[in-house]
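Observations on chain architecture
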Amino acid sequence: MNRLFLIQILLSHRVRFGRRLTFLLAQNYRGPSTPRNDASPARGQWDLADAYRYISEANAGYHFNVQHGLNVDAGIFLSYVGLFSFYQFDNWAYQPSYVSSNTPWFFNGVRVQWYPTAKLKIEPWFINGWQSYGRFNGRPGLGGQILYRPNGKWEFIGNQYGFGEDALGLPSRTRLHTDDSIEYKYYDRPDAVISKAAMTLTGDAGCESGGGVSCHGNTNEGPKQSFLGFMLYNRLWFDRDRFGLTLGGGRINNPGRYLVLLPPINGATAASGTPYFTENPGDPFKAWDASVTADYMPSQYFTYRLEYNHRAANVPYFAGPGALLRQEATPAL
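Procedures and definitions
- Residues numbered from 1 in each chain as written.
- Predicted model: local features only at pLDDT ≥ 70, side-chain atom pairs only at ≥ 80, totals over all residues.
- Heavy atoms only, no water.
- Buried < 20%, exposed > 50% of the residue type's maximum accessible area, 1.4 Å probe, protein only.
- Helix = DSSP H or I, 4+ residues; strand = E, 2+ residues; numbered from the N terminus.
- Pairing = 2+ DSSP bridges.
- pLDDT = per-residue confidence, 0-100.
- Contact = heavy atoms within 4.5 Å.
- Core = buried A, V, L, I, M, F, W, Y, C linked by side-chain atoms within 4.5 Å.
- Salt bridge = Lys/Arg side-chain N within 4 Å of Asp/Glu carboxyl O.

Let's shift gears to the pairing of strand 6 (residues 120-127). Side-chain direction in a regular strand flips from residue to residue, so the side chains alternate between the two faces of the sheet. The alternating pattern of strand 6 places Lys-121, Glu-123, Trp-125 and Ile-127 on a buried face, while none of Leu-120, Ile-122, Pro-124 and Phe-126, on the opposite face, is buried. Sheet analysis places strand 5 (residues 106-117) next to strand 6, joined by five bridges and oriented antiparallel. Along strand 6, the bridge assignment pairs Thr-117 with Leu-120. Hairpin connection from strand 5 to strand 6: two residues lie between these consecutive antiparallel strands. Where strand 6 lies against strand 7 (residues 141-148), eight bridges are found, and the strand directions are antiparallel. Among the inter-strand pairings, Phe-126 is bridged to a residue of strand 7, identified as Leu-142.

And the structure:
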């Protein structure tokens, strides 16, 4: 079956007062797909899922003239854990690899962006939780990013998260996660047939402990609940960057399935769950993906993209013959 989808209509409003105070509201008209695995709206009486349905970013910030800059922002802001951007025009491929698909696209809380030098950014986070509109239990999440660009060829990114209680109704379960990336531009000759070439490698690791699960294997505390994954991409640009070709893919192992996107079978949500795809402690989930992406970019305003993507998992998960999702259900990926 062939289908035509309108992926996104985005209206962004940025208001500046003087040189320091900024307000940003980005309205995303594409349906309630942003919350993904966020079960926090099920806690309390406020209907957060509908209240934030069409908002992808909404924050206010203040800039301090300290060293190379100090920004303090509060609200909903985008996350780049897993490297892929929320906005398609930033990315080398259309379909993110599993590491990006199953890690946060947004945070709700406060961040501080400190630039001690022109090449280094240190960004601590004080947030509601792991990609959540509200707070799952009584404890906030803490994390941060360190970004270092020593020159025009190298970029090093480290994202860390911890302390939060991110399992709804299980205040004794805590989550740790590290997400680290390297980007390297190894070729740059604007007038040659191949005008640029770059690669990126991302590695993720994390676990949960307490509430019947353990970070350290199957113990008396419960079965192992962890996440381990990577993704690797290589991209070539041709003819003064008008054409692009990206090869890449990745792999994850997530026993307990606590970061795997829940298939919305018959309207299932992260809060309701589904018997067709359980997320019990120790439930196995291993998956891998590979993709080939070709781009034609006649100007900075248009990109025509053709992509082939293959995904596989060790348990029934996808739509199709012999798969998990029923015909009336909408695929998660």
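It is worth spelling out the confidence of the model for the chain at this point. Taken over all residues, the pLDDT of the chain has a mean of 84, while the share at 70 or more is 82%. Throughout residues 325-333 the model reports pLDDT below 50, and contacts reaching past four residues in sequence, or to other chains, amount to 28 contacts.

Further remarks concern the nonpolar core. In this structure, Ile-252, Phe-277 and Phe-285 are the most contacted members of the largest nonpolar core, which totals 34 residues. At the level of secondary structure, the elements contributing two or more residues to this core comprise strand 4 (70-78), helix 2 (98-101), strand 6, strand 11 (226-238) and strand 13 (286-299). For Ile-252, the residues in contact, after removing those within four places along its chain, are Tyr-98, Val-99, Asn-102, Phe-227, Leu-228, Gly-229, Phe-285, Lys-286 and Ala-287.

Moving on to the pattern of salt bridges. This structure, assessed with the given rule, holds 12 salt bridges. Between Arg-175 and Glu-208 there is a salt bridge, with its nearest N and O atoms 2.7 Å apart. Remark: Glu-208 occurs in strand 10 (residues 194-209) and Arg-175 occurs in strand 9 (residues 174-188); sequence separation between them is 33 residues. Accessibility classification places Arg-175 together with Glu-208 in one group, the buried group. For the salt bridge of Arg-242 with Asp-239, the shortest nitrogen-to-oxygen distance reads 2.5 Å. On the basis of relative accessible area, Asp-239 is assigned to the partly exposed category, the value being 31%. One continuous salt-bridge network, built from bridges that share partners, spans Arg-173, Arg-175 and Glu-208.

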